[in-house]
Amino acid sequence: MPYQRYKPDFPKPDSRLTRSLNTQLLYITHSCYDRKWQSVMHAHPFTEVFFVVNGTGKFQVEDKTFFVGKDDLIIINPNVMHTEFNHGKEALEYIILGLDGLLFQHSGQPQSDYRIYNLPNHRTEILFYLKAILQELQQKKEHYTEVCQDLLEILLLLLMRDTKSTLDSASIDKASRECRFIEQYLDEHFTENITLEMLSTLTYMNKYYMVHAFKKYKGMSPINYLISRRLNEARHLLETTDYPIAKIAQAAGFSSQSYFSQVFRKELNITPAQYRKQAGKEESLQC
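Source: prediction; values computed, not measured.

Peer 1: Summarise a negative patch on the surface; cite the residues concerned and give the values.
Peer 2: On the surface, Glu62, Asp63, Asp113 and Glu188 cluster together into a patch of negative charge. The residue aspartate 113 is located in the loop between β8 (102-106) and β9 (114-118) in this model.

Here is the structure:
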C-alpha cells in the first residue's frame, strides 16, 4: 500500500465548534438482573444514559412503556420518572452513566424527556469507552479522574454524532433542582419507609447539606415535610372514610397506630378519633 497521510481540517480559532463539555460523571454501574427483578419508579435531578449490553427488558417513562434490547441506548433527561425491568428469558444486562450538568437535545425533535436509539453498528466503540471508564474507577490508578473525564468527553461526542443530538447545560440551580426532586419523591412515596440516608443517596447530596437546603427551599426539614404529607392524607381518610384508625395509620405511611396517634395529637392538639367526630359534626351542620 502506498504511503498515505491524513490531515484534519481544523476550523479557525474564532469559529471552533468544539468546546469543553461542562458535565460531571456521578457514577457508572454495570447491572445484570433476571426476569424476577423489577425496579421502582424514580427520578433523578441529573441525566442518565443506559446502554443495553445483552438481554431484553421493558422501560417505563412516566406513563409510557416500551421494550428494550441489545444495543439500545436510552437517554433519560433530569427529573423524569422512570423504571426498568426484565422481560423474557434472558437476563437484562446494561451499563448506566449518571451525568450532572447537562441534558440531551435531539436533532429535529422538540425537547423531550427521553429518547431511545438502537446502535448495533456502534456497539464496539460504545462498550470500549464504557468499560474503560469502569476499569479506571475500579482500579483508581494515578490520574484516574482525569482519564475518566477525557474518556467521558470522547464518548459523549461519539454519542452526539451517532444519535444526531446536541448537549445543553442544565442551567437549573442544582440545590433547588434536587430539593424539587425530594419534594416530588416524598409526595409520591410518603407511604413507604423513607430515611434521610435514602434521600441523600438518591440525590447525591451530603445529608446535612441536604437538610439545610430543603429547609431553605420548603421552610421545614424533609422528615417534617414527610410527616406533614402523611398527616394530610390521614386527615382526608378520617373525613371521607369509615376505615379503622389502625388502617388509616398504615395507609398514610405511619409505622404503628400508637405512633400515628402520638404525632397526630402533637401536631393538631386532638386525637384522630376526636378529629373524625368533629369533622362529622361539621359536615352535619353544613347539611
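Peer 1: Which residues make up the side chain of asparagine 77, and what values go with them?
Peer 2: Within the element layout of this structure, asparagine 77 appears in the loop between β5 (72-76) and β6 (82-86). Of note is the side chain of asparagine 77, whose polar atom sits 3.0 Å from the backbone nitrogen of phenylalanine 104.

Peer 1: Account for the pattern of salt bridges, naming residues and giving values.
Peer 2: For the structure shown, the criterion picks out five salt bridges. Close ionic contact of arginine 123 with aspartate 71 constitutes a salt bridge, the shortest N to O distance being 2.7 Å. Highlighted residues: arginine 123 in helix α1 (residues 123-139) and aspartate 71 in the loop between β4 (64-69) and β5, separated in sequence by 52 residues. Residue arginine 123 shares its accessibility class with aspartate 71, and that shared class is buried. Among the ionic pairs, arginine 229 bridges to aspartate 187, the shortest N-O distance being 3.7 Å. Linking arginine 229 in helix α6 (residues 222-240) with aspartate 187 in helix α3 (residues 174-189), this pair joins segments that are 42 residues apart in sequence. For arginine 229, a relative accessible area of 22% gives the class partly exposed. One salt-bridge network, held together by shared partners, links Asp187, Arg229 and Glu233.

Peer 1: Which residues make up α1, and what are the values?
Peer 2: In this model α1 runs 24 Å from its N-terminal to its C-terminal C-alpha over 17 residues, within 8% of the 24 Å that 1.5 Å per residue would give. Within α1 the residues assigned to the buried category are Arg123, Ile126, Leu127, Tyr129, Leu130, Ala132, Ile133, Leu134 and Glu136. In the core, the buried residues of α1 are packed alongside β1 (24-33), β2 (47-54), β7 (92-100) and α2 (144-163). Trailing α1 by a residue or two, lysine 140 shows a phi angle of about 50°, which is positive.

Analysis parameters
Residues numbered from 1 in each chain as written. Predicted model: local features only at pLDDT ≥ 70, side-chain atom pairs only at ≥ 80, totals over all residues. Heavy atoms only, no water. Patch = residues over 30% accessible without salt bridge, like charges linked within 9 Å, V, L, I, M, F, W, Y side chains within 5 Å. Areas by Shrake-Rupley, 256 points an atom, 1.4 Å probe, with all protein chains shown as cover. Salt bridge = Lys/Arg side-chain N within 4 Å of Asp/Glu carboxyl O. Lys, Arg positive; Asp, Glu negative; His and termini not counted. Charge placed at Lys NZ, Arg CZ, Asp CG, Glu CD. Helix = DSSP H or I, 4+ residues; strand = E, 2+ residues; numbered from the N terminus. Polar contact = N/O pair within 3.5 Å; in protein donor to acceptor, adjacent residues only side chain to side chain. Buried < 20%, exposed > 50% of the residue type's maximum accessible area, 1.4 Å probe, protein only. Expected span 1.5 Å × (residues − 1). Contact = heavy atoms within 4.5 Å.

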